[in-house]
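Structure at a glance
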Amino acid sequence: REVELLRTQTRSGLQLEEAQPDAIASKAFAAGLYGAHPYGRTASSASTRAITRGDLTAFQQARLRPRGALLVVAGDVTMPQLRTLAEQAFAGWTGYPAAAPAPAAPPARARTEILLVHRPGSVQSNILVGNLTGGPADPVRYPATVLNKLLGGGADARLFDILREKKGWTYGAYTALSRPRGTGTFTASAEVRTEVTDSALVELMTQLRRVGAEPVPAAELDNAKGALVGSFPLTIETAQQVAEEVAEVQTLGLPANYLQTYRTRLAAVTAADVQQAARRWVRPQGALVVVVGDGAKLYERIKGIAPVRIITPQGDAMTPADLAPRAVALALDASKLRARRDSFNLLVQGNALGWVVNALEKTGDGWTATSAQSIAGGMVRQSSTTETDAALSPRRYVMDGSLQGQPLKGEVTFANGTATGTAAQPGPAGVQTVKVDVAVPAGTIDDNTVTWAIEGLAWTAGAKHVVGTFVSGKNAVLPYTLAVTGTEKVTVPAGTFDTFKVEQTGGEQNPT
């Protein structure tokens, strides 16, 4: 039961990640840089679903062994006291861990490549640019740390100043150095408006080339070193911080006097050191560039910067032709559709959060799908009506409601293969009104009717349906994939039934 609960929680977390462009970019970046190396792997819904209780116990028995383990304690305690406590706490724990297999070498990159992750309807682009670096004990890490600070280490750094303050293209642009065991990474990142993605990327690459080509001015160098040296004591103020730092020094194989000499080594960094570090660890001529955004609007803008490869957020390969929605007849058996009404109570940790009522009614030669919901005592209130033909192709969509007092209104009509009107889209800056004007290929259904379409699709073991789905708030047609992942017997008051477990991917969320 604990395994299944954790599996459900983990997959729910992954579903939220898969709706976040920054998480999508990070996963694509890790996979692209590291390849088959373990650092290139990230959890997925499929991998989480495949893990068994036996896998967990086998891992524990093979790996969690004291030989080679490290115990770090910081505080008012003597070694004799600590040894007594440790022997009591870990009595009976014995054995050697299984030998870890040698990791695959990360792929070499001889030229700049762009990985475009197509996220239809995105109004901004998430950009990651970077490359592999050296290990944690490489002496070049000291000047590289100074370089990272002055290039993208905060609001006073170069990228932030140029891309935000001078150009107004982003809310922030940053760089980062990772320090795992083995091979680390250098990364530069920015989130920009779709229409300036190419300009921002060109400028970002220019600044990365600049740090290796030009010596850093003395004032800029001194400011970066002063900030790093001055802030270091704040990282070892508490016993917990000291224990964490010492543990990292030990596990990464750093010199025993690393913490004692850290500030001195940083203070000694010269402009020549920084330039040399940039040439070694910042290599835009062989960088991986990940851009997450609406590929239909981005491909033509960025294809002249470097070779472009296109994938879906799930990692499936795409071609430029795939970026334009195509008319695909939906294999829907309309005779299986029936009028129905479903209602749900929403609970969070057993406490009532709100309710949802959905209904499908036969009206004339088509259907009317309605949905009403109230969440958090009416803080979120929404009702919508979607009018369709007999095969659920949309004719009209109307939405009304409020979000924390702000009105949510929208109305879209469908005619001659086009959806036009307005929609409301909640966001970080509040409710935004979206102008809707987008081609809707034949066979597309409204996202509010996907649930009803399920009973009209053909279901067999291994079945997979790709449904073109119109999402008003995105002004886009997004592909939703409904795939059978298994079977299960479900018992309800009406009896016990054989059911298919169907996973939905695509759009803003991936509910199962």
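First, a word on what this report is: a plain description of the structure on this page.

The rules behind these values
- Residues numbered from 1 in each chain as written.
- Predicted model: local features only at pLDDT ≥ 70, side-chain atom pairs only at ≥ 80, totals over all residues.
- Heavy atoms only, no water.
- Pairing = 2+ DSSP bridges.
- Helix = DSSP H or I, 4+ residues; strand = E, 2+ residues; numbered from the N terminus.
- Contact = heavy atoms within 4.5 Å.
- Axes fitted to C-alpha atoms, helices over the stretch in contact; angles between N-to-C directions.
- Salt bridge = Lys/Arg side-chain N within 4 Å of Asp/Glu carboxyl O.
- Buried < 20%, exposed > 50% of the residue type's maximum accessible area, 1.4 Å probe, protein only.
- Expected span 1.5 Å × (residues − 1).
- Patch = residues over 30% accessible without salt bridge, like charges linked within 9 Å, V, L, I, M, F, W, Y side chains within 5 Å.
- Areas by Shrake-Rupley, 256 points an atom, 1.4 Å probe, with all protein chains shown as cover.
- Parallel < 35°, antiparallel > 145°, perpendicular 65-115°, else oblique.
- Nonpolar A, V, L, I, M, F, W, Y, C, P; charged D, E, K, R; others polar.

1. Notes on the sheet that holds strand S1 (residues 113-118)
One open sheet accounts for 7 strands, arranged S3-S4-S2-S5-S1-S6-S7; its pairing is mixed. Single-partner strands in this sheet number two, and they are strand S3 (170-177) and strand S7 (317-318). As paired strands, strand S2 (residues 124-132) and strand S5 (residues 288-293) are joined by 5 bridges and run antiparallel to one another. Within S5, the position partnered with Val-129 by the bridge is Val-289. Packed onto the sheet, helix H7 (residues 158-166) meets S3 and strand S4 (185-193) and runs at close to 160° relative to S3.

2. Description of the pattern of salt bridges
In this structure the tally under the stated criterion is 24 salt bridges. Here Arg-7 ties to Glu-4 by a salt bridge, and the two come within 3.0 Å at their closest N and O atoms. Of this pair, Arg-7 and Glu-4 both sit in helix H1 (residues 2-17), 3 residues apart, which is roughly one turn of the helix. One salt bridge connects Glu-455 with Arg-338, and the closest N-O pair in it is separated by 3.6 Å. With Glu-455 in the loop between helix H14 (450-453) and strand S17 (464-471) and Arg-338 in the loop between S7 and strand S8 (340-348), this pair connects stretches of sequence that are 117 residues apart. Residue Arg-338 is classed as partly exposed on the basis of its relative accessible area of 47%.

3. A short note on helix H8 (residues 197-213)
End to end, H8 covers 24 Å across 17 residues, agreeing with the expected 24 Å (1.5 Å per residue, within 8%). Of all the positions in H8, only Thr-197, Asp-198, Ala-200, Leu-201, Glu-203, Leu-204, Met-205, Gln-207, Leu-208, Val-211 and Gly-212 are classed as buried.

4. What to know about a nonpolar patch on the surface
On the surface, a nonpolar cluster with roughly 740 Å² of combined accessible area is contributed by Phe-59, Leu-64, Leu-71, Val-73, Val-77, Leu-85, Phe-90 and Trp-93. Turning to its location among the elements, Leu-71 is positioned in the loop between helix H4 (53-63) and helix H5 (79-89).

5. Side note on the sheet that holds strand S19 (residues 495-505)
One open sheet accounts for 4 strands, arranged S16-S17-S18-S19; its pairing is mixed. A single partner strand is all that each edge strand has here, and the edge strands are strand S16 (445-446) and S19. The pairing of strand S18 (residues 476-492) with S19 spans 11 bridges and is classified as antiparallel. In the strand pairing of S19, Ala-483 is matched with Glu-503.

6. Considerations on the packing of helix H6 (residues 141-152) against helix H9 (residues 218-231)
Packed helices, taken two at a time, are described by their axes: the angle between them and the distance between them. Look at H6 against H9: their axes get within 9 Å of each other, and the N-to-C directions meet at 105°. Taken together, the axes of H6 and H9 are roughly perpendicular relative to one another. For the pair H6 and H9, the contacting residues are Thr-145, Val-146, Lys-149 and Leu-150 in the first and Glu-220, Leu-221, Ala-224, Lys-225, Ala-227 and Leu-228 in the second. Grouping the amino acids of the contact of H6 with H9 by side-chain chemistry returns 6 nonpolar, 1 polar and 3 charged.

Without other data, these values stay purely geometric and don't point to any function.
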